[in-house]
Structures are given as C-alpha cells and as structure tokens.
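Take a look at the letters that make up each chain.
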Amino acid sequence: MSDTSEKSEGGFHFGPVGGEVKIKASGDIVARDKTTTTTTTTTIQKGFAGDEQKQQFQSEIDQLREALRAMKTEIEASASLDQDKKDQVISEILQQVNALKQVKEETAAVPTGKPAPAEIATKVEGALDRAGGIVGKLQGVTTKSVEIAETVGKFAVKYGPLILSARHLFGLP
C-alpha cells in the first residue's frame, strides 16, 4: 500500500475496507447533489371571493363604462378626425359599453365564495379582453389626430388599471 492521496470530487469515496460496506438511509442516497422537481398545479377559481370583491367589481365596471362614454364625447368633439373614422371608433366604444353592461347584469346574480358558471366566466373574460383591446384602437386614432392624443393617454392610464383590477376581482389571470 502506498501513502499517496488522490484528489476526488463528489460521489462516494471509500478507502481500503477490511470487510463489507453497508449504507442505510431513510431517504434517497445520491452520489452528487440531489435535484428534486416539484410541480404545483393551481386551479384558478373564476368568480367572487366575497361580497366586497363583487361590489368593487360592479363599481369598476361602471367606472369603465363612464370612461368609455367620456372618450366617445371627446371623439365626437374632435375636429381633426373625419366622420367615417369617428363613426367607426364610436361604434366600437358603444359596443364595449353595452358588453360591460351585460357583464355587470350577469355577474350580479353570481354567488360569492363559489365558482362562477362557466358560461358567465367566459363572457366576463371575453368582454374584459376586448375592453383591453380598445385602448390600442384608440391609440391608433391618435396618429390621425394629435388633438385627442392627450385625452387618449389619460384614458389609457385610468382605463388599463381598471381592467386589470376587474379581472383580478373576478379571479381571472
């Protein structure tokens, strides 16, 4: 036998053993760093956790509708947009105002603390997705009318967080 030592990394290292080696553990025995992977599944419950969230959601839907109506008024008053463009944008705004009204009416009957019916959850999610899309359409109008660019900017700053908050209150990602 020699007295030389070798440098080793990781793993199990046994020197000269005069008998047998037994290893006993209550868990895994690994020769290197043990890597574990944990998978967590989260089920998102769509609906209202409580009465306060439901009331706040209803209030925010009203605020969104009012913000859209105010934007409609600004567009109607714009002198720099041609009438066809005004009609197109106003039509989209009115459709969104009506869709949000339907959302408010249908969610009024949703019980708190329980998942919303799938049909209502789908309608709410779709309406709020489309509501988010209208901001982009309005920003497209600002390239044609500098006159309303500031108003659209203010609208987007107020409207965007309201949509996100309403989504959260209803349990949407």
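If you're wondering where the values come from, they're calculated on a predicted model, not measured in any experiment.

Thresholds, definitions, all that
Residues numbered from 1 in each chain as written. Predicted model: local features only at pLDDT ≥ 70, side-chain atom pairs only at ≥ 80, totals over all residues. Heavy atoms only, no water. Core = buried A, V, L, I, M, F, W, Y, C linked by side-chain atoms within 4.5 Å. Buried < 20%, exposed > 50% of the residue type's maximum accessible area, 1.4 Å probe, protein only. Helix = DSSP H or I, 4+ residues; strand = E, 2+ residues; numbered from the N terminus. Contact = heavy atoms within 4.5 Å. Phe/Tyr/Trp six-rings, centres within 6.5 Å; stacked < 30°, edge-to-face > 60°. Expected span 1.5 Å × (residues − 1).

*Asks:* What should I look at first to understand the nonpolar core in this one?
*Replies:* As a rule of thumb, soluble globular proteins bury nonpolar side chains together. Judged by nonpolar contacts, the single largest core of 38 residues is most densely connected at Phe 57, Ile 75, Ile 93, Leu 128 and Tyr 159. Among the secondary structure elements, those contributing two or more residues to this core are helix H1 (51-77), helix H2 (83-107), helix H3 (118-142) and helix H4 (149-170). The biggest single contributor to this core is H3, with 10 residues. Those residues within four positions of Phe 57 in sequence are excluded, and the remaining contacts are Phe 48, Val 103, Thr 107, Val 124, Leu 128, Ala 166, Leu 169 and Phe 170.

*Asks:* Just to check I follow, could you spell out the packing of aromatic side chains for this structure?
*Replies:* Each aromatic ring pair is described using two quantities: the centre-to-centre distance and the angle formed by the ring planes. Enumeration according to the criterion identifies 4 aromatic pairs in this entry. Both rings, one in Phe 48 and one in Phe 170, keep their centres 5.2 Å apart while their planes meet at 80°; by these two values the pair is edge-to-face. One end of the pair, Phe 48, is in the segment before H1; the other, Phe 170, is in helix H4, and 122 residues separate them in sequence. A centroid spacing of 5.7 Å and a plane angle of 35° characterise the contact between Phe 57 and Phe 170, whose relative ring orientation is tilted. One end of the pair, Phe 57, is in helix H1; the other, Phe 170, is in helix H4, with 113 residues separating them in the sequence.

*Asks:* How should H4 be read in this particular structure?
*Replies:* Residues spaced three or four apart along an α-helix point in a common direction, a consequence of the helix completing one turn every 3.6 residues. With 22 residues, H4 should cover 32 Å at 1.5 Å per step; its first-to-last C-alpha distance of 31 Å lies within 8% of that length. Buried within H4 are the following residues: Val 152, Phe 155, Ala 156, Tyr 159, Leu 162, Ile 163, Ala 166, Arg 167, Leu 169 and Phe 170. Buried residues along H4 sit in contact with H1, H2 and H3. Residue Gly 171 follows H4 closely and has a positive phi angle near 90°.

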